[in-house]
Structure formats: C-alpha cells, structure tokens
Amino acid sequence: MSIARNACSFFLSRLRGELSRLIESTYPGYHPGPKIWLDVIVGLVETAQGYLQAIETNPADEKKLLLDAEVLGDQAYSLLSLISGADASQIPHQIVDPFQRWVAALKINNTIFFRAEHASNYELATIDCRAMAQNLNSPSAGLLKAIGAANWPMLRVTVPSQAMGMLPHFAVVAHELGHAIQDHITPDLSSFQPQFLDCIKRVTSRLAISMDCKKTF
Amino acid sequence: MISELPPAADLSLQHVIENSLAIIEREPFAEERRRQVLTSLTEILDQASKGSQVVQSNMLAFGAEEQPAFERFAMLFHYLQPVAADVPALLERAKANLEELRDHHGQSDQERAETLHVLRLLLQAVLTDRCLKPLVSPREYVFS
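Residues numbered from 1 in each chain as written. Chains lettered and ligands numbered in written order. Predicted model: local features only at pLDDT ≥ 70, side-chain atom pairs only at ≥ 80, totals over all residues. Heavy atoms only, no water.

### Examining the overall build of chain B
Then comes step 1: Helices and strands together make up the secondary structure of chain B, namely six helices and zero strands.
Then comes step 2: Expressed as a percentage of the 144 residues in chain B, the buried residues total 44%.
Then comes step 3: Carbon together with sulfur atoms contributes 55% to the accessible area of chain B, which is approximately 8000 Å² in total. (Helix = DSSP H or I, 4+ residues; strand = E, 2+ residues; numbered from the N terminus. Buried < 20%, exposed > 50% of the residue type's maximum accessible area, 1.4 Å probe, protein only. Areas by Shrake-Rupley, 256 points an atom, 1.4 Å probe, with all protein chains shown as cover.)

Okay, structure coming up:
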C-alpha cells in the first residue's frame, strides 16, 4: 500500500509542478481565463493531496482515501486537457484581443478563454464545475477560492487553427458586413467624434491632402 | 456542459452517493451539508429521469444537448435493468423519497429500504464502470 501511496503522491506532485509551469506561461491577450481555470485544477490536485495526508490521521480508511486521491488526480488531468491550444504559441494575441473586446462589448461577464484546435470547428462551450467542487468531500481551500473567483459557467471559444491563415479574408468580409449592419442599427457614435477627427487628421496628413473632406457623424 | 465527465470518472458523484447512503443510514451530518448532499443527488436523479424521457420520446436533438442526462440514465439503466423491471419509475420513486427525506427528515421503513437499494446499486455501478474502464497509457516523465 505504501508503494501505491508513493506512486500516487509522485503523480500528484508532478501534475502540480506542470500546473505551476502552465500558470507562469503567457496567454494571448493577458486575459485571466486560462489562469482561473488552471487555479481550479490546482485546487483539485490540492484536494487529492489532502486525501493522501488524511491517511496519516485516519489509517483505517487508507485504501479508500488512496483510491479517491488517484481518481481525483485523473479527473484533474482530464480537465487540464480542456485548455489545450490556449497558449500564445497556438492562438495569437491578434486573435484574442479583438475577441475579448467583442465579448466585453456584448457585456458577457462569464470567465472566458480562447483556444485553437486542429479541427474544422468553431465552438462555444460552457464549463461548470460548481456542483463538482460542492459535492467532493473535504475540498481544499484553494479549490473553493478558485471556484469563487470565476464567473460561472465558464465559456471556452474554440477556433480552428487551420483557419488562421484566412483571418485577413474574414476581416475584409466582416468589415463589409459591418457597413450593412451599421446602416440598419444606426448606432450613436457621437461619443467617438474626437477619435474620428483625430483619425481624419492622421489620414490626411499621411496622404498630404486637405481636411476639407472631413465629415461628422 | 463539457465539464461533465463520464459518471465513472467523476469522484464527486461517488462522494455524493456515499454521503447520501450515510445520511439514510442515520450517520451524523451537519444540517447544511446534509441538505446540500440530498439536493445534489436529487438533481442527479432528476437529470437521469430527463434522460429516460429522451429515450422514451426519441427526442434526438434534445439528447444531443443533454448529453450528461442521457449518459447518467444510460449508466443507471445498464446496471439497474437486470434487477428492476421499470427503471424510470424506480428513479422517480428514489428521487421522491430523497426529496421527502431532505424536506421532512422522515421516511417509512419501506421507502428507506427502497432508496438504500437504489443507491447501493448506483454506487456499485459507478465503481464497476471505473474498474472496467481501459487502463490509460503509461505516463511519460521527463527528468531535467
């Protein structure tokens, strides 16, 4: 039993080490979503480590606690895979930043993260771990804190990595669609008047033409 | 919800069943925790009941959206079907018994025995399912 316990302890500590490395990684857009998700997984690992420590005070339940720790470690490992493709090497800042602005403009307050996947799939997935954390025996303080820090359900936006090369094309199409949409919704853009004038100034100075052509919203 | 793991891989499901069994067997539990455990299990059984409705009504589109409900019912049906004639009715009765226990702290001996029977089968199903799961590939550790 002590060999199994050592093996489980080793597995959990390696997983914890890998999570620390991932938390230190850079995520595009510097948005907090991936790190909040990683904190939840760290909380699960700490809970599993807590089960192993509980064996000291409760040796009669050693087998059950050991199995619980192993299963929870596997569970944490499975949930870690949900963030695969979210680091800066997979999805660039130039994709995530506009997405974030878009989400903020839509007043979506859920914790969110973005990832690329090598599949022809655009996806908006919802993730909810509240019930899971609530039902576990003796959840760690870190898990409860991480659950409390997120706005649930979490959202995960997946974009196909194959489409990255086509993004300028999407941007051109979206720009043209924006003209049609703007004509229909007639948004109030008066608060952007100073920026608009600044933009006109920069364009005219670059093109070396007069500002007589300027217009207002 | 993609975080819904297969029932056998979800330790929280095992814990909620074990804790419910302990409550029904009159082990001491803090009132708040007792209520939370019974509410969680009732919700799980409710999901399984929804899953049974999916199967009975052939609502495939609904099934795609409610995968956890369908999976929960599929697992319960798989393990309860050999020992129970009408699994959906059994789940409904277990749910009603747990709600009664949660809200009024009381159960007749028959209700208690029935609920214990269903929960023990359910726990056995989770543990058996876990044992039958194929072993994961060996993990590779790189020492630096």
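Next comes the rest of the description.
### Points about the interface of chain A and chain B
Then comes step 1: Between chain A and chain B, the residue contacts involve 26 residues of the former and 21 residues of the latter.
Then comes step 2: Buried area between chain A and chain B, both sides added, is near 2100 Å², and the carbon and sulfur share of it is 55%.
Then comes step 3: It is A:R14, A:V71 and A:N135 that lose the most area in chain A upon contact with chain B, and together they represent 25% of the buried surface on that side.
Then comes step 4: At the junction of chain A with chain B, the criterion picks out one salt bridge. (Contact = heavy atoms within 4.5 Å. Buried area = accessible area lost by both parts, 1.4 Å probe. Salt bridge = Lys/Arg side-chain N within 4 Å of Asp/Glu carboxyl O.)

### Some details on the pairing of strand β1 (residues 112-117) of chain A
Residue and element names in this part refer to chain A.
Then comes step 1: Summarising burial for β1: five of the six residues are buried, a large majority.
Then comes step 2: Pairing of β1 with strand β3 (residues 154-160), which is carried by six bridges, proceeds in the parallel orientation. If you follow I112 over to β3, its bridge partner there is L155. (Pairing = 2+ DSSP bridges.)

### Side note on unusual backbone geometry
Then comes step 1: Looking along the chain, the bond that leaves A:W152 and enters A:P153 is cis, with omega of -10 degrees.
Then comes step 2: Along the chain, the position of A:P153 falls in the loop between α6 (141-149) and β3.
Then comes step 3: Despite not being glycine, B:R26 has its phi angle at roughly 65 degrees, a positive value.
Then comes step 4: Looking at where B:R26 falls in the secondary structure, it is placed in the loop between α1 (11-24) and α2 (31-57).

### Here's the deal with a nonpolar patch on the surface
Then comes step 1: Side chains of A:V173, A:L177, A:I181 and A:I185 sit close together on the surface and give an oily, nonpolar patch of about 360 Å² of accessible area.
Then comes step 2: Tracing the backbone through its elements, the reader meets A:V173 in helix α7 (residues 167-185). (Patch = residues over 30% accessible without salt bridge, like charges linked within 9 Å, V, L, I, M, F, W, Y side chains within 5 Å.)

### Considerations on the environment of B:I44
Then comes step 1: In this fold, B:I44 is placed in helix α2.
Then comes step 2: With 51 residues separating them in the primary sequence, B:I44 and B:K95 have C-alpha atoms 9.0 Å apart.

### Some thoughts on the pattern of salt bridges
Then comes step 1: The tally for this structure, following the rule as stated, stands at twelve salt bridges over all chains.
Then comes step 2: Among the salt bridges present, the one from A:D68 reaches A:K64, with a minimum N-O distance of 2.8 Å. Here A:D68 pairs with A:K64, and both are found in helix α3 (residues 62-80), just four residues apart, close to one helical turn.
Then comes step 3: The buried category is assigned to A:D68, whose relative accessible area is 4%.
Then comes step 4: B:K95 is the salt-bridge partner of B:D46, the closest N and O atoms lying 2.9 Å from each other. Separated by 49 residues along the polypeptide, B:D46 in helix α2 and B:K95 in helix α5 (residues 87-104) bring together distant segments of the chain.
Then comes step 5: Classification of B:K95 as buried rests on a relative accessible area of 13%.
Then comes step 6: A network of salt bridges, in which partner residues are shared, links A:K64, A:D68 and B:E18.

### Re the sheet that holds β3(A)
Pairing between the strands of a sheet is mediated by backbone hydrogen bonds and can be parallel or antiparallel.
All names here are of chain A.
Then comes step 1: One open sheet holds the three strands; their spatial order is β1-β3-β2, and the pairing between them is mixed. Unpaired on one side and paired on the other, β1 and β2 (123-127) mark the two borders of the sheet. Adjacent strand axes in the sheet meet at a mean angle of 25 degrees, parallel and antiparallel pairs treated alike.
Then comes step 2: Pairing of β2 with β3, which is carried by five bridges, proceeds in the antiparallel orientation. Bridge pairing links L124 to V157 in β3. (Axes fitted to C-alpha atoms, helices over the stretch in contact; angles between N-to-C directions.)

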